[in-house]
Every structure is written in structure tokens, then in C-alpha cells.
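# Chains, contacts and geometry: an overview
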Amino acid sequence: MRPVTEHDIRTSFVNCSKGEAKRLGLPKDLADQPWEDLDFLGWRDPGAPERAYLVAERDDRLVGVSLRATSGGSRGFTSRSMCSLCLTTHPGGGVALMTARRTGESGRQGNSVGQYLCADLACSLYTRGRKQAAGDGVVVVEESLTPAEKAVRTRANLHSFLDKVTG
């Protein structure tokens, strides 16, 4: 992903108002992001942990999506969940159901799309082996795909999700 600015991010959102985009909390370490390793920029709002944001390049433009993380109870230490973007398996609360309001009339009627995502939205780093799922008893699924092939798969899953939000 190419480096983006605060202005780029705030003007990219497709499923929230301009006012909401103006008020959302940005990552404090925006300049220090590992841009070359990112398929998308994702973060949780430090001031409102149930809010999350995702900004991705799509057809030579940025597409930003505002997300809501469900506030379900913590799962047991023996439970594992898999992110539907990067297919990383996490123990406990490492995966969260996040919903995005759809764009257009459908979104104005309250329709949304849900997806199980890494709770920290660091899918790109998990895909490339730059970050490991935390916790006791983490099971790493060995795959025959290279990190580059996993990144292609993650981007395809991301684009499918964005299509559901914007379609």
C-alpha cells in the first residue's frame, strides 16, 4: 500500500458522513506504518474501542470503511476463531465480528455487512509473518502458499468484503 495522509484517509470513507469522517480518531503512528507490508490500513479508534476503520486501495483510489466491533463476551481460552480476510487463527478474543453499514439507500435503511476480522486489523502483518497470533496454545496452520500468495488471497477476500459494502 502506498503511504497515505490524514486528508487522504478522511476523504476516502464511503459509508459514513463527512462529519463522522472528520471526527474519527486516526492512528497516532500514521507516519510509522510499514506501508510496504500493508494490503490495507486498519485500526481501532483509541477513544471508542467498539469503532474500527479500514482504508484500502481499490481501482487506483482509496476506499475507507467505518466498522463496528460487536461487544460480545470474551470467549474461553480453548476457543479459536479464524479471520475471514487473512485466515489467521486466533485464540480467545483475537477475532471480532465487525459490521459495516452498506453504502447508498441500503445503508440508509440500516442494512449492514458483517465479517469476522482480526481484532487488531493487522491482517497484512499476519499474512506476511511479520506478526504472530498471541496467546497460549496458538495453533499455526501450515500452508504451502508463499507469503506473496497469501497476500493475494487476503486482498481478494478484502475486495470481496468491500464489494458487499459498496454493492
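### Brief notes about the packing of aromatic side chains
Under the definition given, this model contains two aromatic pairs. Judged by centre distance (5.8 Å) and plane angle (85 degrees), the ring pair of Phe13 and Tyr53 falls under edge-to-face. Highlighted residues: Phe13 in the loop between helix 1 (6-10) and helix 2 (18-23) and Tyr53 in strand 2 (residues 48-58), separated in sequence by 40 residues. As far as burial versus exposure is concerned, Phe13 and Tyr53 are alike and both buried.

### A short note on the pairing of strand 1 (residues 40-45)
Along strand 1, five of the six residues are buried, which leaves the element largely enclosed by surrounding structure. Relative to strand 2, strand 1 is paired through six bridges, and the arrangement is antiparallel. Considered in strand 2, the bridge of Trp43 is made with Tyr53. What sits between strand 1 and strand 2 in their antiparallel hairpin is a turn of two residues.

### Overview of the nonpolar core
Grouped together as the largest cluster of nonpolar side chains are 43 residues, with contacts concentrated most on Ile9, Phe13, Leu41, Trp43 and Leu67. Apart from residues no more than four positions distant in its own chain, Trp43 is found in contact with Ile9, Phe13, Leu24, Gly25, Leu26, Pro27, Ala52, Tyr53, Val55 and Leu121.

### A look at the sheet that holds strand 6 (residues 95-101)
The five strands lie next to each other as 1-2-3-6-7, forming an open sheet whose pairing is antiparallel. Because the sheet does not close on itself, it has two edges, and the strands there are strand 1 and strand 7 (112-118). Each strand axis lies, on average, 30 degrees off the axis of its neighbour in the sheet, ignoring direction. Sheet strands touched by helix 5 (residues 147-166): strand 1, strand 2, strand 3 (61-69), strand 6 and strand 7. Its angle to strand 2, the strand with the most contacts, is close to 105 degrees.

### A word on the environment of Leu121
In this fold, Leu121 is placed in the loop between strand 7 and helix 4 (123-127). Taking the relative accessible area as the measure of exposure, Leu121 reaches 4% and is therefore buried. Sequence separation of Leu121 and Asp163 is 42 residues, and the distance between their C-alpha atoms is 18 Å. In this view, Leu121 contacts Phe40, Gly42, Trp43, Ala52, Tyr53 and Met98; residues no more than four positions away in its chain are not counted.

### A word on the pairing of strand 2
Relative to strand 3, strand 2 is paired through eight bridges, and the arrangement is antiparallel. The residue of strand 3 that forms the bridge with Ala56 is Val63. Connecting the antiparallel pair strand 2 and strand 3 is a turn made up of two residues, with Asp59 showing a positive phi of about 55 degrees.

### So, the pattern of salt bridges
Throughout the structure, instances matching the rule amount to 12 salt bridges. One salt bridge connects Arg2 with Glu57, and the closest N-O pair in it is separated by 3.2 Å. Placement of the pair is Arg2 in the segment before helix 1 and Glu57 in strand 2, with a sequence separation of 55 residues. In this structure Glu57 comes out as partly exposed when scored by relative accessible area, which is 31%. Each member of the salt-bridge network shares a partner with another, and the members are Asp39, Arg128 and Arg155.

Conventions and cut-offs
- Residues numbered from 1 in each chain as written.
- Predicted model: local features only at pLDDT ≥ 70, side-chain atom pairs only at ≥ 80, totals over all residues.
- Heavy atoms only, no water.
- Phe/Tyr/Trp six-rings, centres within 6.5 Å; stacked < 30°, edge-to-face > 60°.
- Helix = DSSP H or I, 4+ residues; strand = E, 2+ residues; numbered from the N terminus.
- Buried < 20%, exposed > 50% of the residue type's maximum accessible area, 1.4 Å probe, protein only.
- Pairing = 2+ DSSP bridges.
- Core = buried A, V, L, I, M, F, W, Y, C linked by side-chain atoms within 4.5 Å.
- Contact = heavy atoms within 4.5 Å.
- Axes fitted to C-alpha atoms, helices over the stretch in contact; angles between N-to-C directions.
- Salt bridge = Lys/Arg side-chain N within 4 Å of Asp/Glu carboxyl O.

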